[in-house]
Amino acid sequence: VQLQASGGGLVLPEGSLRLSCAASRSIFSSYIMSWYRQAPGKQRDLVSFITPGGRTYYKDSVKDRFTISRDNAKNTLYLQLNSLKPEDTAVYYCNARTTDGRAEFWGQGTLVTVSS
């Protein structure tokens with residue numbers, strides 16, 4: 001499975017972005033799809049995930065600001081980022097992992113910079 005992330009950029013505080021992660025084939029029915037981020041000098045952290053059944057999770061600091069979704073027909077995962085803060089600045093990575101944990105794939109990352 002290949003994952004291609006896109007949509008990052010420079011945005012003002014309180015601005016919005018939508019990140020996309022295109023998968024090379026149909027996987028959403030059997031993979032947990034996640035977004036991680038890694039800020040400069042920090043470890044990579046889980047931001048959000050969506051299970052094959054549609055259950056979602058959000059890191060506390062992004063709840064009510066970020067929304068994860070997917071388009072099964074397009075094999076594309078999204079992360080809508082609203083009310084962005086400077087502390088959201090990071091490289092955002094998409095991840096696909098089978099529910100049994102036996103296979104895992106990463107996208108290449110897309111940089112989000114929140115700054116005035």
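Note that the structure is a prediction, hence the values are computed from the model and not measured.

**Topic: the nonpolar core**
And then number 1: Of all hydrophobic cores here, the largest spans 28 residues; its most connected members are Met 33, Trp 35, Leu 77, Leu 79 and Tyr 92.
And then number 2: Taken together, the elements giving at least two residues each to this core come down to β1 (3–6), β3 (17–23), β4 (31–38), β5 (44–50), β7 (66–71), β8 (76–81), β9 (90–98) and β11 (110–114).
And then number 3: In this structure Leu 79 touches Leu 17, Arg 18, Leu 19, Trp 35, Val 47, Ser 48, Phe 66, Thr 67, Ile 68 and Tyr 92, once residues within four positions along its chain are discounted.

**A closer look at the layout of surface pockets**
And then number 1: Put simply, the largest pocket is a space of about 150 Å³.
And then number 2: Looking at the lining of the largest pocket, its residues break down into 2 nonpolar, 3 polar and 5 charged.

**Observations concerning the packing of aromatic side chains**
And then number 1: Per the stated rule, a full pass over the model turns up 4 aromatic pairs.
And then number 2: A ring pair is formed by Phe 49 and Tyr 57, whose centres lie 5.2 Å apart and whose planes are at 20°; its orientation type is stacked.
And then number 3: The buried category is assigned to Phe 49, whose relative accessible area is 16%.
And then number 4: Among the aromatic side chains, those forming a connected cluster through ring pairs are Tyr 36, Tyr 93 and Trp 106.

**Overview of the state of the cysteines**
And then number 1: As enumerated under the stated definition, the model contains 1 disulfide in all.
And then number 2: Paired through a disulfide, Cys 21 and Cys 94 show a sulfur-sulfur distance of 2.2 Å. Where Cys 21 bonds to Cys 94 through sulfur, the torsion about that S-S bond is close to 65°, and the disulfide is right-handed. Of the two residues, Cys 21 sits in strand β3 while Cys 94 sits in strand β9, which places them 73 residues apart along the sequence.

So, how was this worked out
The numbers attached to residues start from 1 for each chain and follow its sequence in the written order. Selection of residues for local features in this predicted model requires a pLDDT of at least 70, selection of side-chain atom pairs for listing and counting requires 80 or more, and totals for whole chains, interfaces and linings are taken over all residues. Note that water and hydrogens are dropped before the side-chain values are worked out from all heavy atoms of the structure. Side-chain atoms within 4.5 Å are what join buried Ala, Val, Leu, Ile, Met, Phe, Trp, Tyr and Cys residues into a set we call a nonpolar core. Accessible area is worked out with a 1.4 Å probe on protein chains only. A residue is then buried under 20% of its type maximum, exposed over 50%, and partly exposed in between. Put simply, DSSP marks the helices as runs of H or I at least four residues long and the strands as runs of E at least two long, and each gets a number from the N terminus on. Residue contacts are counted whenever heavy atoms from the two residues lie within 4.5 Å of one another. For cavity detection a 1 Å grid was placed over the protein atoms alone, and a set of points counts as a cavity when a 1.4 Å probe fits there but cannot get out; an open set counts as a pocket when protein lies on both sides within 12 Å along at least five of seven lines, with lining residues being those that have an atom within 4 Å of a point. Grid points are joined across faces, edges and corners, and a volume is the space filled by probe spheres set on the points. Gly is placed with the polar residues, together with every amino acid not listed as nonpolar (Ala, Val, Leu, Ile, Met, Phe, Trp, Tyr, Cys and Pro) or charged (Asp, Glu, Lys and Arg). Note on aromatic contacts: the rings of Phe and Tyr and the six-membered ring of Trp form a pair at centre separations within 6.5 Å, being stacked when their planes are under 30 degrees apart, edge-to-face when over 60 apart, and tilted otherwise. The term disulfide is used for any two cysteine sulfur atoms that are within 2.5 Å.

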